[in-house]
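Coordinate inspection notes
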Amino acid sequence: MLSVIISSLPKSTMLMQNDLWDDIQIFLHLLLDPLFAALQDEGLRGTILSTVIWSFLVICGLVFVVYEFPSIINLLTGSPSTPIRRQLKTVSASRAKAATASAARHQLSRDKTQKERERRAKVVKEAGVRVAAKIEREGALLRLTIDINNGSTSKIDMVIVDLDIPAGINVDVGSFRMQRLGSINVGEMKSANFRLRPMGGDPLDIGGHVEFLGASYEVSIIAIPVPETIGEMNDE
Amino acid sequence: MNDSESKAEADNNYYPALIAIMNFAVLLSLAMTNMASTVGLWDFIFVGAGVYFSMKFIRLVRSAHEFEATRVSPKDRKTFLKEGIYAKIRHPIGAAAIYMNIAYLCFVRSFALVTVIPVFIALWYIYAAYEEKILVGRFGDEYREYVRATSMFRGSGYDQQRLASSGYDMY
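Reading the values: the criteria
Residues numbered from 1 in each chain as written. Chains lettered and ligands numbered in written order. Predicted model: local features only at pLDDT ≥ 70, side-chain atom pairs only at ≥ 80, totals over all residues. Helix = DSSP H or I, 4+ residues; strand = E, 2+ residues; numbered from the N terminus. Buried ≥ 20, exposed ≤ 12 C-beta atoms within 10 Å, placed from the backbone. Contact = placed C-beta atoms within 7 Å. Pairing = 2+ DSSP bridges. Axes fitted to C-alpha atoms, helices over the stretch in contact; angles between N-to-C directions. Parallel < 35°, antiparallel > 145°, perpendicular 65-115°, else oblique. Nonpolar A, V, L, I, M, F, W, Y, C, P; charged D, E, K, R; others polar. Expected span 1.5 Å × (residues − 1). Core = buried A, V, L, I, M, F, W, Y, C linked by C-beta atoms within 7 Å. pLDDT = per-residue confidence, 0-100. Left-handed = near helix turned anticlockwise from the far one by under 90°.

1. Regarding the overall build of chain A
- If you tally the helices and strands in chain A, you get four helices and nine strands.
- Counting helices and strands in the order they occur from the N terminus, chain A gives α-α-α-α-β-β-β-β-β-β-β-β-β.
- The buried share of chain A, reckoned over its 236 residues, is 15%.
- Residue pairs in contact within chain A that sit at least 24 positions apart in sequence constitute 66% of those at least 6 positions apart.

Printed below as a string of structure tokens:
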């Protein structure tokens, strides 16, 4: 009885498959035949194409007009404020005034560069990337853990932790002063572990920085804070 | 650039608007007289490609105008933009216009446009180079560094350029 069932199984499967494909074919014919029949009409195809083409040309034209309208209207009616450089040129053409204008421009450029630096520092502070450091004794060695928590709104890439180790502390064999953590997704935390060998130096002097690339191409640098000590640091 | 700074400046970046008006006035007049009337499979494929490039045009124009400073002449910008779309490409309006030229070519499907479009693409390139010359003069090395990290019109290779300009792997 069982052998009869087993021997008939592939046949029934094939039958089912054939039926399924027939059903799909019938369904597709029902669905697409009217469409193909309609598309045989060249007039209809031409109408569809020209509708799509002109719709997109009009939409793109409108997008351009909407966004560039302020510039165009200023061009037609005259700009509300004349650019600074042109004013300086028309006031006087004397060499002394030109030199003053040049110096002013250089000063402006320097100010802007300084402002940009300050802005970058502020962005790093407000970016939401937090760095924490803790240090604990592990036998004769010290274990330094740097936690980087990406609380910002975008992924950070090429994260590097670079230690600045004071005299009297060495990096243990097999451990490195610099570690690359790769990318850290939003809300994610990654840690870098360093094994250090104390040689009489103060572990609290350990410094360094965490460097990463933010959403824009800019490199951001955050200083590693003073490590939080866990347990007893001194040798017994 | 912060918003208050940029809003205080005038919308006086006339050149892109003028070039675009000239460009699309010529293309539109050519489109009206030379539009292909065939409706074969290739025509549908070309129109599909045209739709794709039009969407790119819309996306780039919209992204560029998220920043008020896009409409400020490079001579009067307090800083140069490097966020949003500007983190990837330096001239999104020029890129948008070039994509729209290609879209016109796909829509019209006529050799009449093949002779005209390279001229306009060259014009957009010349304007972009002129703008960069001004910005390099104003912002110096900082702008040169930004140039190394971004592309002029296309966003491909973005991560690689970012990597190259970041100083990463120099230890």
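2. Some remarks on the overall build of chain B
- For chain B, the count of helices and strands is seven helices and zero strands.
- Each helix and strand of chain B, placed in order from N terminus to C terminus, yields the pattern α-α-α-α-α-α-α.
- Taking all 171 residues of chain B together, 39% fall into the buried category.
- When contacts within chain B are restricted to residue pairs at least 6 apart in sequence, long-range pairs at least 24 apart make up 77% of them.

3. Here we look at the sheet that holds strand S5 (residues 178-184) of chain A
All names here are of chain A.
- In space, the four strands of this open sheet follow the order S5-S3-S7-S8, with antiparallel pairing throughout. Two strands close off the open sheet at either side, each with one partner strand: S5 and strand S8 (219-223). Between one strand axis and the next, the sheet turns through 20° on average, direction left out of account.
- Relative to S5, strand S3 (residues 156-164) runs antiparallel, the two sharing five bridges. Bridging across to S5, Val159 finds its partner in Gly182.

4. A short note on the sheet that holds strand S4 (residues 169-171) of chain A
Residues and elements named next belong to chain A.
- The five strands lie next to each other as S4-S6-S2-S1-S9, forming an open sheet whose pairing is mixed. Whereas interior strands pair on both sides, the edge strands pair on one side only; in this sheet they are S4 and strand S9 (228-230). Strand after strand, the sheet turns through a mean of 30° between neighbouring axes, direction not considered.
- Both strand S2 (residues 141-150) and strand S6 (residues 189-198) contribute to a ladder of eight bridges, which runs antiparallel. Counted as the bridge partner of Arg143 is Arg195 from S6.

5. What to know about the environment of Ser110 of chain B
All names here are of chain B.
- Relative to the helices and strands, Ser110 is located in the loop between helix H4 (92-108) and helix H5 (111-139).
- Given 15 C-beta atoms within 10 Å, Ser110 falls into the partly exposed group.
- Along the sequence, Ser110 and Asn34 sit 76 residues apart, while their C-alpha atoms lie 6.3 Å from each other.
- Aside from chain neighbours lying at most four places away, what touches Ser110 is Asn34 and Ala36.

6. Thoughts on the pairing of strand S1 (residues 129-138) of chain A
Residues and elements named next belong to chain A.
- Pairing analysis gives ten bridges linking S1 to S2, with the strands arranged antiparallel. Following the sheet pairing, Lys134 is matched in S2 by Thr145.
- Where S1 hands over to S2, the hairpin turn is made up of two residues, of which Gly139 adopts a positive phi near 70°.
- Strand direction decides the pairing type here: S1 and S9, joined by three bridges, are parallel. By the bridge assignment, Ile135 is partnered in S9 with Thr229.

7. Considerations on the packing of H5 of chain B against helix H6 (residues 141-149) of chain B
Residue and element names in this part refer to chain B.
- Put simply, H5 and H6 touch, their axes get as near as 6 Å, and they point 135° apart. Here H6 runs oblique to H5, going by the angle between their axes. Listed contacts from H6 to Glu132, Leu135, Val136 and Phe139 of H5 are Glu142, Tyr143, Arg144 and Val147.
- Of the residues contributing to the contact of H5 with H6, the split by class is five nonpolar, no polar and three charged.

8. Section: H4 of chain B
- Here H4 of chain B is 17 residues long and its end C-alpha atoms lie 24 Å apart, about the 24 Å a rise of 1.5 Å per residue gives.
- Of all 17 residues in H4 of chain B, 16 are buried, a share of seventy percent or more.

9. Here we look at the nonpolar core
- Counting residues in each nonpolar core, the largest one holds 48 residues, and the members touching the most others are Phe57, Ala96, Tyr99, Met100, Tyr104 and Phe107 of chain B.
- Within the residue set of this core, elements represented by two or more residues are helix H2 (42-77) of chain A together with helix H2 (14-34), helix H3 (41-64), H4, H5 and H6 of chain B.
- Considering each element in turn, this core owes the most residues, 13 residues, to H4 of chain B.
- Apart from residues no more than four positions distant in its own chain, Tyr104 of chain B is found in contact with Leu27, Ala31 and Leu113 of chain B.
- Of all hydrophobic cores here, the second largest spans 20 residues; its members include Ile146, Ala192, Val210 and Leu213 of chain A.

10. Here we look at the confidence of the model for chain A
All names here are of chain A.
- The predicted model of chain A averages 78 in pLDDT, with 71% of residues at 70 or higher.
- The least confident element of chain A is helix H3 (residues 84-91), whose mean pLDDT is 43; the most confident is S2, at 90.
- When the criterion is pLDDT under 50, residues 81-93 qualifies, and its contacts beyond four places in sequence or with other chains add up to eleven contacts.

11. Observations concerning the packing of H3 of chain B against H4 of chain B
Residues and elements named next belong to chain B.
- Relative orientation of the contacting elements H3 and H4 amounts to 160°, with a least axis distance of 8 Å. With respect to H4, the axis of H3 lies roughly antiparallel. As for the relative orientation of H3 and H4, their crossing is left-handed in sense. Two secondary-structure elements touch here, H3 through Phe46, Val47, Ala49, Gly50, Phe53, Ser54, Lys56, Phe57, Leu60, Val61, Ser63 and Ala64 and H4 through Pro92, Ile93, Ala95, Ala96, Tyr99, Met100, Ile102, Ala103, Cys106 and Phe107.
- Residue composition of the contact of H3 with H4, grouped by class: 18 nonpolar, three polar and one charged.

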